[in-house]
Amino acid sequence: MNVPEPRPGSWILLLFTLPASRATQRVEVWRKLQRYGAVALPSGGHVLPDKAENQERLEWLAAAIRSYKGSASVVKVGAFDDLSDKDLQQLFVDARTRDYQDVAREVRKLLSVPAARRPAGRLTRLRRRFQEIEAIDFFPGPARSQLESLFAKADRPEAQTRNRTDSTKYANRIWITRSRPGIDRVSSAWLIRRFIDPKARFVFGDDPARKPEAIPFDMFVPQGFGHRGDNCTFETLCREFTIRDKRVKKIAEIIHDADLGDEKFGREEGTGLDQVLRGWAGQGVEDAELLRRGIDLIEGLYVVGEQGLSDSKAPARRKLASKKKNSS
């Protein structure tokens, strides 16, 4: 693996001692160093790459150690005479590889169980753990992409091995959903019209039986398209109609987190979109107009392009880093 060579003075070293009577505090310090992604040097001390947030974390930790009647020093180091930069980087790669492999073992256990019998929320918790590791993966190795592939496999429904839905049967149709459409329904309507049925017409109601010619979506009925497993309706439609557009995949993550609120993908953008829709609904905007405006919102998100959407996890990662900082 090719990793960038760190510039001179590119390491932050923490040296500390604690009294033998401070066993509890010693464990607390060790746990925080683990959360920060620090590695222990064979000769003593813990090291992190020279980044502003890493220096701040170690300085706060050093202050805490001193308050425990210990001693601590935070030092910027340009080079170690017994370890090359390449060797140091490999220490980080090895540490994160072990972390990724621990999660990978748990994901493989889930994959060995039929989807319907998997413990609820387990995959989401493992994905959150992956995001925590990713946030401190300073020199990414192959283990990260391998784990990402496992998650992709876990997300793939068992029905994928069977024949996919024939989209030709869903052309020029009427689609029915519940009144006062929110983020999942408006985004699903956008997906239907853009990728499945360009001439789709939408109606609203609580009983699809009154509109037998209409295709239900995001309704509390067994027929049609709705939530399946831990997937929202938008994700179900993507899977059923094999929509592989990269921008749609990013939007699916945004809609999932906004609709289900489980922070599975660590994306926050959809919350604002949902609040806008709720605001319009509160103003008495009619269902058809609410759906039209929502479709326009999702279309705008789509035309931002893949690059614009790919950066959208940054706020969540900053939030995660802030939580870790505050916990110190």
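Computed from a predicted structure; not experimentally measured. (Residues numbered from 1 in each chain as written. Predicted model: local features only at pLDDT ≥ 70, side-chain atom pairs only at ≥ 80, totals over all residues. Heavy atoms only, no water.)

### Quick notes on the pattern of salt bridges
Inspection of every chain in the model, using the stated rule, returns 23 salt bridges. With its nearest N and O atoms 3.2 Å apart, the salt bridge here joins Asp137 to Arg144. The class of Asp137 is buried, set by a relative accessible area of 8%. The class of Arg144 is buried, set by a relative accessible area of 18%. Salt bridges sharing partners connect three or more residues here, namely Glu289, Arg292, Arg293 and Asp296. (Salt bridge = Lys/Arg side-chain N within 4 Å of Asp/Glu carboxyl O. Buried < 20%, exposed > 50% of the residue type's maximum accessible area, 1.4 Å probe, protein only.)

### What about the packing of helix α6 (residues 183–196) against helix α7 (residues 233–240)?
Describing two packed helices takes the angle between their axes plus the distance from one axis to the other. Where α6 contacts α7, the axes come no closer than 8 Å and their chain directions differ by 20 degrees. On the basis of their axis angle, the class for α6 and α7 is roughly parallel. Both α6 and α7 take part in a crossing whose hand is right-handed. Along the contact surface, α6 presents Asp184, Ser187, Ser188, Trp190, Leu191, Ile192 and Ile196, while α7 presents Thr233, Phe234, Leu237 and Cys238. (Axes fitted to C-alpha atoms, helices over the stretch in contact; angles between N-to-C directions. Helix = DSSP H or I, 4+ residues; strand = E, 2+ residues; numbered from the N terminus. Parallel < 35°, antiparallel > 145°, perpendicular 65-115°, else oblique. Left-handed = near helix turned anticlockwise from the far one by under 90°. Contact = heavy atoms within 4.5 Å.)

### Notes on helix α9 (residues 269–282)
Along its 14 residues, α9 runs 21 Å from first to last C-alpha, staying within 8% of the 20 Å computed at 1.5 Å per residue. Residues of α9 that are buried include every one of Gly270, Leu273, Asp274, Leu277 and Trp280, and no others. The arc that holds the buried residues of α9, viewed along the axis, is 120 degrees, so those residues lie on one side. Every exposed residue of α9 that faces more than 90 degrees away from the buried side is listed here: Gln275, Arg278 and Gly282. Looking at the buried side of α9, the elements it contacts are α6, α8 (246–260) and α10 (287–303). A positive phi of about 85 degrees marks Gly284, the residue just after α9. (Expected span 1.5 Å × (residues − 1). Arc of directions from axis to C-beta.)

### With respect to the sheet that holds strand β5 (residues 174–177)
With parallel pairing, three strands are arranged side by side in an open sheet as β6-β5-β7. The open sheet is flanked by β6 (201–204) and β7 (215–216), the only strands paired with a single partner. In terms of strand pairing, β5 meets β7 through two bridges, oriented parallel. When the bridges of β7 are listed, Trp175 appears paired with Ile215. With respect to the sheet, α6 is in contact with β5 and β6, its orientation differing from that of β6 by roughly 155 degrees. (Pairing = 2+ DSSP bridges.)

### Section: unusual backbone geometry
Even without a glycine there, the phi angle at Arg180 is positive, about 55 degrees. Within the secondary structure layout, Arg180 lies in the loop between β5 and α6. Its identity is not glycine, yet Thr242 carries a phi of approximately 50 degrees, on the positive side. With respect to the helices and strands, the residue Thr242 is situated in the loop between α7 and α8. With relative accessibility at 27%, the residue Thr242 sits in the partly exposed group.

### Thoughts on α7
By the criterion of burial, α7 is predominantly enclosed, with seven of the eight residues buried. Within the sequence span of α7, burial applies to Thr233, Phe234, Glu235, Thr236, Leu237, Cys238 and Glu240. Residues of α7 that are buried sit in contact with α6 and α8. Thr242 occupies a position one or two residues after α7 and carries a positive phi of about 50 degrees.

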